[in-house]
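Each chain, written out:
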Amino acid sequence: MASFRQTNRESAPSHMQEKTLEELQNMNRSELMQALLTERDKARANGTLNEETIKQFWDAISPSLNDEQRERMKELLKLL
């Protein structure tokens, strides 16, 4: 899965983002939660987690999610 830092560097959809979106869409809730928390921990460790990177991540993935997935992702992003 692409990190927040990678998503931040790529403003337009790319092959990496498409692959990441496919991976996210195929995850169940538990897997999605674990992936998000793993990426959060990595981003905290390297200092790249901030409100702007979270917003850019949301802007990049939200168009590809259905309404239910968007609501769940909003809940998960609040954990960051």
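Residues numbered from 1 in each chain as written. Predicted model: local features only at pLDDT ≥ 70, side-chain atom pairs only at ≥ 80, totals over all residues. Heavy atoms only, no water.

K.L.:
Got a sec to walk through the packing of helix H4 (residues 51–61) against helix H5 (residues 67–78)? Specific residues and values, please.
P.N.:
Running from amino to carboxyl end, H4 crosses H5 at an angle of 170°, the nearest separation of the two axes being 12 Å. Between H4 and H5, the angle is such that the two are roughly antiparallel. H4 and H5 meet at a crossing whose hand is right-handed. Touching Ile54, Phe57, Trp58 and Ile61 of H4 are Arg70, Met73, Lys74 and Leu77, all from H5. (Axes fitted to C-alpha atoms, helices over the stretch in contact; angles between N-to-C directions. Helix = DSSP H or I, 4+ residues; strand = E, 2+ residues; numbered from the N terminus. Parallel < 35°, antiparallel > 145°, perpendicular 65-115°, else oblique. Left-handed = near helix turned anticlockwise from the far one by under 90°. Contact = heavy atoms within 4.5 Å.)

K.L.:
Could you give an account of the pattern of salt bridges, with specific residues and numbers?
P.N.:
Under the criterion given, the structure shown has 7 salt bridges. A salt bridge links Arg29 to Glu68, with the nearest nitrogen and oxygen atoms 3.4 Å apart. Taken together, the residues Arg29 in helix H3 (residues 29–46) and Glu68 in helix H5 connect sequence positions 39 residues apart. Residue Lys74 pairs with Glu71 through a salt bridge whose shortest N-O separation is 3.4 Å. Remark: Glu71 and Lys74 occur in helix H5; sequence separation between them is 3 residues, near one turn of the helix. Look at Lys74 and you get partly exposed, because its relative accessible area is 39%. Residue Glu71 is classed as partly exposed on the basis of its relative accessible area of 44%. (Salt bridge = Lys/Arg side-chain N within 4 Å of Asp/Glu carboxyl O. Buried < 20%, exposed > 50% of the residue type's maximum accessible area, 1.4 Å probe, protein only.)

K.L.:
Which residues make up the side chain of Arg40, and what values go with them?
P.N.:
In this fold, Arg40 is placed in helix H3. Residue Arg40 is classed as buried on the basis of its relative accessible area of 16%. Within the structure, the side chain of Arg40 is placed 3.1 Å from the side chain of Asp41, a separation counted as a polar contact. (Polar contact = N/O pair within 3.5 Å; in protein donor to acceptor, adjacent residues only side chain to side chain.)

K.L.:
Summarise H5; cite the residues concerned and give the values.
P.N.:
The end-to-end C-alpha distance of H5 is 17 Å, a good match for the 16 Å that 12 residues give at a rise of 1.5 Å each. Of the residues making up H5, those classed as buried are Met73, Leu76 and Leu77. Summarising the axial view, the buried residues of H5 lie within an arc of 95°, below the 170-degree limit, and thus occupy one face. Opposite the buried face of H5, at more than 90 degrees from it, the exposed residues are Asp67, Glu68 and Lys78. For H5, the secondary structure elements touched by its buried residues are H3 and H4. If you check the start of H5, you find a side-chain oxygen 3.1 Å away from the backbone N of Glu68, and it comes from Asn66. (Expected span 1.5 Å × (residues − 1). Arc of directions from axis to C-beta.)

By themselves, these figures tell us nothing about what the structure is for.
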